[in-house]
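# Working through the structure, step by step
Spelled out, the chains give:
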Amino acid sequence: MRRYKVEPLTEGRTKYYYIQDCQTYDIVPLPSKYLKYKIKANRSPNTVKRSAFSICYYLEYLNEIHMEIPQVYELDLERQNEHFVDFLYWLKAGNHTEKNNLKVIHNGTCNAYLEDVFRFFLYIEGMYEQLGSLKVLSYNYHFAVNAVGVKKRLRFQAFKGYLQEEERNVRPAEHDEIITVLQACTNCRDQLLILLLAETGFRIGEILGVDYVHDIDYRNRMIGVYFREDNENDARAKNAEYRKARISDDSFDFLMYYLAEYRKLLQHQNYLFINIAGKTAGQPLKVDSVYDMLKRMEKKTGIDLTPHMLRRYFANIRRKDGWRLELIQQALGHKHLNTTIRYLNIMDDELIEASQEFYAKHSALYGVKELL
């Protein structure tokens, strides 16, 4: 039986998370206080939820090896490093999951859990200075001099035990696949959702947070992403960002058709995407319901389609149409251009072909023949 579990608590429109001791039924105070701090610091509910589970797994690990947090601080650097590496392999072995769950645990997921745990330790150190700091989170410095004699101070984190992450191989959706799934949908809400994900490149949390009264510029056929922390369905714009996307005339007409079709349900609130049947009809649509719908479509069509695949489709079809990388980056809401490049389906043969064309034009670029 698990010693700890994560429990949600809703106060008004704010969702909190806390960790409960299943033996005593008490709230574990320190991690629960940290999770409340993260909510107050305006972190997204999904980020806080993941942190809650990461810390819960770590507490379970400590319980199994009969250690407490203050004892971790007492370990020397080498033993601290071994301690956290062992935790990574404990996660990789699936010890944090139910034994009948055969799902593959990716290295990147294990690393992300450990990073959440390290953030928790940094919070502890800020609250209780007498504990000192984790030796594996200390930084080593040395100076390097570049070619023109400028000194730079380089900083290296002491912990080097992260697992080698697998290459994430998420393919973009294909145009024909999108058409097939659209035709298989049984209602215009699902069809509109897929259309707008494909045409805006928005994240699923962003599209579900759209307010059809305030976020849509009907004159210019633009849909906006606006940061809100109190969305009823926990939908939230990443990085607290704001941006807009224009949709096609055909999709705009379909949007108007959808608003007319479900006007009686929509008139009671402002969310664009809602539940359209059952006891929750008229309530904002949630992420889990979207994935359930796409799974039903997969059983029906044999096509695996996810919101992230539609986001990558958006990026790749615009790259093929000649959009600059910076424009695609802005449209996707990426902070770093490297993230955008990873989204693009740039194949090795494309790079080889581009290189061949370049050297065909610039074969004598360095005057090599004169050196022979």
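Attention here is on the structure that accompanies the text. Since this is a predicted model, take the numbers as computed values, not measurements.

### Section: the overall build of the protein
A count of helical and extended segments in the protein gives 16 helices and seven strands. Split into buried and exposed, the 372 residues of the protein put 43% on the buried side. Nonlocal contacts in the protein, meaning residues at least 24 apart in sequence, comprise 57% of its contacts between residues at least 6 apart. With the model as given, the accessible surface of the protein reaches about 22,400 Å², and the carbon-plus-sulfur share is 50%.

### Quick word on the layout of surface pockets
By rolling a water-sized probe across the atoms, one finds the places where empty space is left. Its boundaries defined by the atoms lining it, the second largest pocket holds a volume of some 320 Å³. Together, 13 residues line the second largest pocket, and Tyr4, Val28, Leu59, Glu68 and Ile69 are the ones closest to its centre. Of all the elements in the fold, those that place two or more residues in the lining of the second largest pocket are α1 (29-40) and α2 (45-64). Residue composition of the lining of the second largest pocket, grouped by class: nine nonpolar, two polar and two charged.

### Notes on the packing of helix α12 (residues 307-320) against helix α13 (residues 325-332)
Running from N to C, α12 and α13 cross one another at 160 degrees; their axes reach a closest spacing of 10 Å. If you check the angle between α12 and α13, you find them roughly antiparallel. Note on packing geometry: the crossing formed by α12 with α13 is right-handed. Across the interface between the two elements, Arg311, Phe314, Ala315, Arg318 and Arg319 from α12 touch Ile328, Ala331 and Leu332 from α13.

### Here's the deal with the packing of α1 against helix α5 (residues 107-127)
It is the contact of α1 with α5, at a shortest axis distance of 11 Å, that shows an interaxial angle of 100 degrees. Between α1 and α5, the interaxial angle falls into the category roughly perpendicular. Every residue of α5 that contacts α1 at Leu30, Pro31, Lys33, Tyr34 and Tyr37 is listed here: Asp116, Arg119, Phe120, Tyr123, Ile124 and Met127. Its residues assigned to classes, the contact of α1 with α5 comprises eight nonpolar, no polar and three charged.

### Some thoughts on the nonpolar core
Grouped together as the largest cluster of nonpolar side chains are 45 residues, with contacts concentrated most on Leu193, Ile207, Tyr258, Leu272 and Phe273. Looking at this core, the element that brings in the most residues is helix α7 (residues 188-200), giving eight residues. Ignoring any residue separated from it by four or fewer positions in sequence, one finds Phe273 in contact with Arg189, Leu192, Leu193, Leu196, Ile207, Leu208, Tyr258, Pro284 and Leu285.

### Concerning the pattern of salt bridges
This model, assessed by the stated rule, comprises 12 salt bridges. When the shortest N-O distance is used, the salt bridge between Asp116 and Arg50 registers 3.0 Å. With Asp116 in helix α5 and Arg50 in helix α2, this residue pair connects regions lying 66 residues apart in the sequence. Note on Arg50: relative accessible area 38%, which makes it partly exposed.

### Observations concerning α1
Between its first and last C-alpha atoms α1 spans 16 Å; for 12 residues at 1.5 Å apiece the expected length is 16 Å, and the two agree. Regarding α1, the residues found buried are Pro31, Ser32, Tyr34, Leu35, Lys38 and Ile39. An end-on view of α1 places all buried positions within 155 degrees of arc, on one side of the element. With respect to the buried face of α1, the exposed residues turned more than 90 degrees away are Pro29 and Lys40. Those residues of α1 hidden inside the fold are in contact with β2 (14-21), α2 and α5. Downstream of α1 by one or two residues, Asn42 has phi in the positive range, about 75 degrees.

### Comments concerning unusual backbone geometry
The phi dihedral of Tyr25 falls on the positive side, at around 65 degrees, and the residue is not glycine. Despite not being glycine, His66 shows a phi value in the positive range, around 60 degrees. Tracing the backbone shows His66 in the loop between α2 and α3 (69-74). On the basis of relative accessible area, His66 is assigned to the exposed category, the value being 69%.

### Considering α2
The first and last C-alpha atoms of α2 sit 29 Å apart over 20 residues, in line with the 28 Å expected at 1.5 Å per residue. Looking one or two residues past α2, His66 carries a phi angle of roughly 60 degrees, positive in sign.

### Quick look at the sheet that holds strand β7 (residues 243-246)
Taken in spatial order, the three strands line up as β5-β6-β7 in an open sheet, and their pairing is antiparallel. Each of the sheet's edge strands pairs with one partner strand only, and the pair in question is β5 (216-217) and β7.

### Section: the environment of Pro70
Positionally, Pro70 belongs in helix α3. On the accessibility criterion, Pro70 (40% relative accessible area) is partly exposed. As for Pro70 and Leu131, which are separated by 61 residues in sequence, their C-alpha atoms are 7.2 Å apart.

Quick notes on the rules
Residues numbered from 1 in each chain as written. Predicted model: local features only at pLDDT ≥ 70, side-chain atom pairs only at ≥ 80, totals over all residues. Heavy atoms only, no water. Helix = DSSP H or I, 4+ residues; strand = E, 2+ residues; numbered from the N terminus. Buried < 20%, exposed > 50% of the residue type's maximum accessible area, 1.4 Å probe, protein only. Contact = heavy atoms within 4.5 Å. Areas by Shrake-Rupley, 256 points an atom, 1.4 Å probe, with all protein chains shown as cover. 1 Å grid on protein atoms, 1.4 Å probe; cavity = no way out; pocket = protein on both sides within 12 Å on 5 of 7 lines; lining within 4 Å. Points joined across faces, edges and corners; volume = space filled by probe spheres on them. Nonpolar A, V, L, I, M, F, W, Y, C, P; charged D, E, K, R; others polar. Axes fitted to C-alpha atoms, helices over the stretch in contact; angles between N-to-C directions. Parallel < 35°, antiparallel > 145°, perpendicular 65-115°, else oblique. Left-handed = near helix turned anticlockwise from the far one by under 90°. Core = buried A, V, L, I, M, F, W, Y, C linked by side-chain atoms within 4.5 Å. Salt bridge = Lys/Arg side-chain N within 4 Å of Asp/Glu carboxyl O. Expected span 1.5 Å × (residues − 1). Arc of directions from axis to C-beta. Pairing = 2+ DSSP bridges.

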